[in-house]
Amino acid sequence: MMRALTFVVGFVILVAIAGVGGVGYVFWHYGRDLPDYRQLETYTPDVMTRIYAGDGRLVTEYAIEKRVFVPYSAIPKMVSNAFISAEDQRFFEHAGVDFMGIARAAVTNLKYAGSGRRPVGASTITQQVAKNFLLSNEVSLSRKIKEAILAMRIEQAFTKEHILELYLNEIYLGRGSYGVAAAAMNYFDKSLDELSIAEVAFLAALPKAPNNYNPARYPEAALARRNWVIGRMAEDGHITAVDAEHAMAEPLQVNARAETEFLDHSKYFSEDVRREIVNRYGEKALYKGGLAVRTTLEPRLQEVATRALRDGLVSYDQRHGWRGPLAHIELDQSWGIRLRDTELPLGFDDGWQRAVVLKVEPQAATVGFVGGKRGTIPFSEMRWARPHLKEQEIGPAPKSAADVLKTGDVVAVAAAEGKDTYALRQIPDIDGALVAMDPHTGRVLAMVGGFSHDRSEFNRATQALRQPGSSFKPFVYLTALENGYKPTDLILDAPFVLEVPGQAKWKPSNYENDFYGPTTLRMGVEKSRNLMTVRLAEAVGMNKVVATAKRFGIADRMLPVLSMSLGAGETTVLQLTTAYAMLVNGGKRVIPTLIDRIQDRDGKTIYRHDQRPCDACNGVFWTDEAVPELPDTREQIADPISAYQIVHILEGVVDNGTGRQMKEIGKPLAGKTGTSNDSVDTWFMGFSPDLAVGVFVGFDVPKTLGKHETGARAAGPIWKEFMTEALKDKPGTPFRIPPGTRLIRINHDTGLRAEPGDRNVIFEAFRPGEQPGSARTVTGAGAPVETPVESGVPKAGGLY
């Protein structure tokens, strides 16, 4: 008997030793090459980057997984308790693996074996963390063993609260929701602390299989699962029986999150911001880093800029004729369906509608819309629709609606005055750009890079290199003023011929092909005289003009040839607007920026455009004390009096010259038109004392805009519409005059000191010691020059 007992005991001990050894071997074998669980200590989940406008409104978001991270301390207890009841009742008791839960699941699965019922799992929350963060979704015994080993190691390394924080922020809950905070928004349009017991229970019901409990597809299964979680919460003592009864009685109502309201019309701006962030920090930081980007965008100005540019491009397009309908369909009983299925072209304006012509009469066309509604396009709203011809020419004016439309034509229309009355529209094939900037800081307040970002993502404000034409001239005249010239000096306006060996003679001309003889430097700018500008550039020296262009950031590489003085070089709208900003701010350098500040996911500022030191700004508790004064650290790149002289002359462009239409705005303004050869590129550049704005209009593939399409006609109305709205509530602040400037009354036409009885009298700006009456006269005629050529590139003289 004793021997038998000894044998049994020995056998049991041997089996136990073998079992322990086997378990130890399993742990050794599967635990050798496991991922480092300690990385969870510094868990940084993928969080979306948000771009904000200057007033704090959301511009756009960038993310791969749309997640809002919430620390454990900010997660309501009801939420964490619901997930514990649903997923791991003994979470705060086990050491990573719930052996009691495993035994219970085994018994349940044996009980229902062969019934077709899905097997019950026993993974703890810690095991799910191990799987989600460190392992794959592979269904295998080896993965489950590794998961268990990691779970126990995680439990030894971290607190239960940290593990729960990882779980609730990482878990996928359907509808693109990563983490409980995103799920609360996407299912109920609420924050976590606004959820009811029933809503919390529904979210806790989702981890097992979000798609299987989709309330839209499987409402009964979703409701049953939610109520099961409510029952578990009551069973665990997290809610009372009465609370559970009331929660179960609630219908399962999902309120889809309202679409995030992004700012309209800001796509060009936000895309340039996106590129800058990627260049600075990389794509990972953009899409996963949770950055908060505070931009310079002013939403009201951005909306005004977008509308002004579109209106101007449509207006130009209508001056150059009708290119035909969007499509043509058969008018049978299914015309409404055919119209609905007609594909809209990219760039179709949000304020337009598509319609089909149902009937054409001499003075009107009847059109139908998707849904059966009808309306009328009166002939007065299509008179502009002359046939479009080559070189932007147009055919004869239509005499009736039948000359423009025929039944079955699918066209774009916009609401016009009168009930059910519409105007004919077409998407312009021309494009353009507008930039508005704070001239004192370089902050870009509005930027539109084209008629439609959907049609073309190419940003004509920052990416298109175009010839500025006469809008470059102020920098030629600034160079002269900085080299001793006065606004009253006389420049000969007469034919100019430049002979270049081996090439045709270069003979620039004025736009009107006329000559006015000796004329003041001021009038050369106001009337945009080409011949005067070329003579002045020759007298001052093109090397100096090129240096000015480089100083103002207009162009880094510009040939020192006379054609460049007429704007034959290339620049962008943003560069030229920045240059004009540095004229009106008194010759101070500013760096254009779309971003004020960038913060990381923890709120730490990692980039700030304004680098001025301000010790008194840190840690201030505001008690109505004086605002700290910041030093002006901007570099002085031009003489302030010379800069003001040009500003004052550009005021004359608005008062007396090519920008006269801007006088109607009724505010102190200055500006300059620009038109390149053959009207290929057209510009209007200018400013008020506190707002610099540049407008460009031209075709993407350079070609003429047509006869008489100058900067004043094509770009000017856009600038005017924008400035009218931008300044309508602003005071008429005069341009700031730098210390030392002398203002002397002169005769505008002669440049001489004003005499009694003179009519056209203005105040002209002079330096200390200067005065009118001692004018120099520039009469250079363009002497023949030798043009050194290297690799076929001319180095001086001529128009290239």
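Residues numbered from 1 in each chain as written. Predicted model: local features only at pLDDT ≥ 70, side-chain atom pairs only at ≥ 80, totals over all residues. Heavy atoms only, no water.

Undergrad: Residues and numbers for the overall build of the chain, please.
TA: Across its full length, the chain holds 22 helices and 23 strands. Across the chain, every contact between residues at least 6 apart in sequence was considered, and the portion connecting residues at least 24 apart equals 70%. In the structure as shown, the chain presents an accessible area of about 38200 Å², 52% of it carried by carbon and sulfur atoms. (Helix = DSSP H or I, 4+ residues; strand = E, 2+ residues; numbered from the N terminus. Contact = heavy atoms within 4.5 Å. Areas by Shrake-Rupley, 256 points an atom, 1.4 Å probe, with all protein chains shown as cover.)

Undergrad: How would you summarise the pattern of salt bridges if you had to cite specific residues and measurements?
TA: Tallying each qualifying case throughout the model produces 44 salt bridges. Here Arg-57 ties to Asp-55 by a salt bridge, and the two come within 3.8 Å at their closest N and O atoms. Of the residues examined, Asp-55 reaches a relative accessible area of 43% and is grouped as partly exposed. By sharing partners, the salt bridges in this structure join Glu-271, Asp-272, Arg-274 and Arg-275 into a single network. (Salt bridge = Lys/Arg side-chain N within 4 Å of Asp/Glu carboxyl O. Buried < 20%, exposed > 50% of the residue type's maximum accessible area, 1.4 Å probe, protein only.)

Undergrad: Explain the nonpolar core to me, and be specific about the residues and the numbers.
TA: Within soluble globular proteins, side chains that are nonpolar generally end up buried alongside one another. Phe-475, Phe-552, Leu-583, Leu-650 and Phe-687 are the most contacted members of the largest nonpolar core, which totals 84 residues. It is helix H19 (residues 573-584) that contributes the most residues to this core, 9 residues altogether. With near-sequence residues (within four places) excluded, Leu-583 lies in contact with Phe-475, Leu-478, Phe-552, Ala-643, Ile-646, Val-647, Leu-650 and Phe-687. Within the second largest apolar cluster, 46 residues are counted, among which are Tyr-167, Tyr-187, Phe-188 and Leu-206. (Core = buried A, V, L, I, M, F, W, Y, C linked by side-chain atoms within 4.5 Å.)

Undergrad: An account of the sheet that holds strand E13 (residues 517-520) is needed here, citing residue identities and associated values.
TA: Two modes of strand pairing occur in sheets, parallel and antiparallel, and in both the strands are linked by backbone hydrogen bonds. One open sheet holds the 3 strands; their spatial order is E13-E12-E21, and the pairing between them is mixed. Looking at the sheet topology across the chains shown, the edges are occupied by E13 and strand E21 (777-778). In this sheet, E21 lies alongside strand E12 (residues 490-493) in parallel orientation, the contact comprising 2 bridges. Paired with Leu-490 across the strands is Thr-777, a residue of E21. Packed onto the sheet, helix H17 (residues 530-540) meets E12, E13 and E21 and runs at close to 125° relative to E12. (Pairing = 2+ DSSP bridges. Axes fitted to C-alpha atoms, helices over the stretch in contact; angles between N-to-C directions.)

Undergrad: So what's going on with the pairing of strand E9 (residues 422-425)? Residues and values would help.
TA: Sheet topology note: the strand E8 (residues 409-415)/E9 ladder contains 4 bridges and is antiparallel. Across the sheet, residue Ala-414 finds its bridge partner in E9, namely Ala-423. If you look at the hairpin formed by E8 and E9, you'll find 6 residues sitting between the two strands, and Gly-418 has a positive phi there, around 105°.

Undergrad: Could you give an account of the packing of helix H15 (residues 473-482) against helix H18 (residues 542-551), naming the residues involved and the relevant values?
TA: Between H15 and H18, whose axes approach to 9 Å, the crossing angle comes to 110°. Considering the angle they form, H15 stands roughly perpendicular to H18. The two elements H15 and H18 cross, and the hand of that crossing is right-handed. Judged by residue contacts, Phe-475, Val-476, Leu-478, Thr-479 and Glu-482 of H15 engage Lys-544, Val-545, Thr-548 and Arg-551 from H18. When grouped by side-chain class, the residues that make up the contact of H15 with H18 number 4 nonpolar, 2 polar and 3 charged. (Parallel < 35°, antiparallel > 145°, perpendicular 65-115°, else oblique. Left-handed = near helix turned anticlockwise from the far one by under 90°. Nonpolar A, V, L, I, M, F, W, Y, C, P; charged D, E, K, R; others polar.)

Undergrad: Residues and numbers for the sheet that holds strand E2 (residues 58-62), please.
TA: Strand order in the open sheet formed by 5 strands is E2-E1-E3-E14-E15, and the pairing between neighbours is mixed. Of all strands in the sheet, those with a lone pairing partner are E2 and strand E15 (605-608), marking the two edges. Neighbour-to-neighbour, the strand axes of this sheet turn through a mean angle of 15°, independent of strand direction. Relative to E2, strand E1 (residues 49-52) runs antiparallel, the two being bridged by 4 bridges.

Undergrad: Explain the side chain of Asp-88 to me, using residue names and the numbers behind them.
TA: Looking at the secondary structure, you find Asp-88 in the loop between helix H2 (77-87) and helix H3 (99-111). As a buried residue without a salt bridge, Asp-88 has its nearest oppositely charged side chain in Lys-160, at a separation of 6.2 Å. There is a polar contact of 2.9 Å between the side chain of Asp-88 and the backbone nitrogen of Ile-125. Setting aside residues no more than four positions away along its own chain, Asp-88 makes contact with Phe-83, His-94, Thr-124 and Ile-125. (Lys, Arg positive; Asp, Glu negative; His and termini not counted. Polar contact = N/O pair within 3.5 Å; in protein donor to acceptor, adjacent residues only side chain to side chain.)

Undergrad: Would you mind going over the environment of Pro-487 in detail, with residue names and values included?
TA: Among the structural elements, Pro-487 can be located in the loop between H15 and E12. Between the C-alpha atoms of Pro-487 and Pro-772, which are 285 residues apart in sequence, the distance is 8.8 Å.

Undergrad: Tell me about the side chain of His-748, residues and numbers included.
TA: By the secondary structure assignment, His-748 is in the loop between strand E19 (742-747) and strand E20 (761-766). A distance of 2.7 Å separates a polar atom in the side chain of His-748 from a polar atom in the side chain of Glu-526.

Undergrad: Give me the lowdown on the environment of Gly-740, citing residues and values where you can.
TA: Here Gly-740 shows up in the loop between helix H22 (716-726) and E19. Spatially, the C-alpha atoms of Gly-740 and Arg-767 are 6.9 Å apart, while their sequence positions differ by 27 residues. The residues contacting Gly-740, other than those within four sequence positions of it, are Ile-641, Phe-766, Arg-767 and Pro-768.

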